[in-house]
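Chain by chain, the residues:
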Amino acid sequence: MHARLRDIPTSLRARSLGWAALAAALLAACPAVGTPRAPEAGQRADAEMGRELIKQYGCGTCHTIPGVAGADGLVGPPLTSFSQRSFIAGRLQNSPENLARWIENPKDVDPETAMPDLGVTAEEARSMAAYLHSID
């Protein structure tokens, strides 16, 4: 045993090892930052519906959106790697709930935004958010 380690009381060594084991177990259980989670079956269906709704509402007129045919607009920001972003419109923390809120009524979040209110329903907004959050 190393001389310094030998000087530490046995009870303190055991407690330290216990905390280290607990920390290792917790870290192992957490996904790595930026690692996408595989969506469950219902989430995949919502995301696919969201992709279709994004196309129907013409979001690609203003935004570049991966996986949506013809979505190569340059008016608004590109929506590539959306799930990796920290904020929505520079105002809301990026979460599916906040994104759905933004899509449904952007002027409620930022009255000065150029993003139009397209009349998207709450359910449609959730599906559209699911798709955008599936983009890595």
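Structure first, text after, so check above.
A.B. asks: Talk me through the nonpolar core; I want residue IDs and the actual numbers.
C.D. replies: Counting residues in hydrophobic clusters, the biggest one holds 23 residues, and the most contacted among them are Ile54, Ile65, Leu99, Ile103, Tyr131 and Leu132. Looking at this core, the elements with two or more residues in it are helix 3 (41–56), helix 4 (96–104) and helix 6 (122–134). Broken down by element, the residue count for this core peaks at 5 residues, all from helix 6.

A.B. asks: Go over the pattern of salt bridges with me, naming the residues and quoting the values.
C.D. replies: Under the defined criterion, the tally for this structure stands at 3 salt bridges. One salt bridge in this structure joins Glu48 and Arg51, with 2.7 Å as the shortest N-O distance. Residue Glu48 and its partner Arg51 are located together in helix 3, separated by 3 residues, close to a single helical turn. Residue classification places Glu48 among the partly exposed residues on the basis of a relative accessible area of 40%. Two residues, Arg91 and Asp110, come together in a salt bridge whose shortest N-O distance is 3.3 Å. Pair noted here: Arg91 is in the loop between strand 1 (87–88) and strand 2 (92–93) and Asp110 is in the loop between helix 5 (106–109) and helix 6, with a separation of 19 residues, a long-range link. Taking relative accessible area as the criterion, Arg91 reaches 51% and is therefore assigned exposed.

A.B. asks: Give a description of unusual backbone geometry that names residues and reports values.
C.D. replies: If you check the backbone angles, Ser81 has positive phi at about 50° while not being a glycine. Among the structural elements, Ser81 can be located in the loop between helix 3 and strand 1. Judged by relative accessible area, which is 32%, Ser81 ranks as partly exposed.

A.B. asks: Talk me through the packing of helix 4 against helix 6; I want residue IDs and the actual numbers.
C.D. replies: The description of two helices packed together rests on the angle between their axes and the distance between the axes. At a closest axis distance of 8 Å, the pairing of helix 4 and helix 6 adopts a crossing angle of 125°. Looking at the two axes, helix 4 sits oblique to helix 6. At the point where helix 4 passes helix 6, the crossing takes the right-handed sense. Residues Pro96, Leu99, Ala100, Ile103 and Glu104 of helix 4 pack against Ala122, Ala125, Arg126, Met128, Ala129, Leu132 and His133 of helix 6. Counted by class, the contact of helix 4 with helix 6 contains 9 nonpolar, 1 polar and 2 charged residues.

A.B. asks: Explain the layout of surface pockets residue by residue, including any values.
C.D. replies: Looking at the second largest pocket, its volume works out to about 520 Å³. Looking at the second largest pocket, it is lined by 27 residues, and the ones nearest its centre are His63, Gly76, Pro77, Trp102 and Met115. Elements that contribute at least two residues to the lining of the second largest pocket include exactly strand 1, helix 4 and helix 6. Per element, the largest residue contribution to the lining of the second largest pocket is 3 residues, and it comes from helix 4. Taken together, the residues of the lining of the second largest pocket break down into 22 nonpolar, 4 polar and 1 charged.

Each value, and the rule that gives it
Residues numbered from 1 in each chain as written. Predicted model: local features only at pLDDT ≥ 70, side-chain atom pairs only at ≥ 80, totals over all residues. Heavy atoms only, no water. Core = buried A, V, L, I, M, F, W, Y, C linked by side-chain atoms within 4.5 Å. Buried < 20%, exposed > 50% of the residue type's maximum accessible area, 1.4 Å probe, protein only. Helix = DSSP H or I, 4+ residues; strand = E, 2+ residues; numbered from the N terminus. Salt bridge = Lys/Arg side-chain N within 4 Å of Asp/Glu carboxyl O. Axes fitted to C-alpha atoms, helices over the stretch in contact; angles between N-to-C directions. Parallel < 35°, antiparallel > 145°, perpendicular 65-115°, else oblique. Left-handed = near helix turned anticlockwise from the far one by under 90°. Contact = heavy atoms within 4.5 Å. Nonpolar A, V, L, I, M, F, W, Y, C, P; charged D, E, K, R; others polar. 1 Å grid on protein atoms, 1.4 Å probe; cavity = no way out; pocket = protein on both sides within 12 Å on 5 of 7 lines; lining within 4 Å. Points joined across faces, edges and corners; volume = space filled by probe spheres on them.

Function cannot be inferred from these measures alone, as they are strictly geometric.
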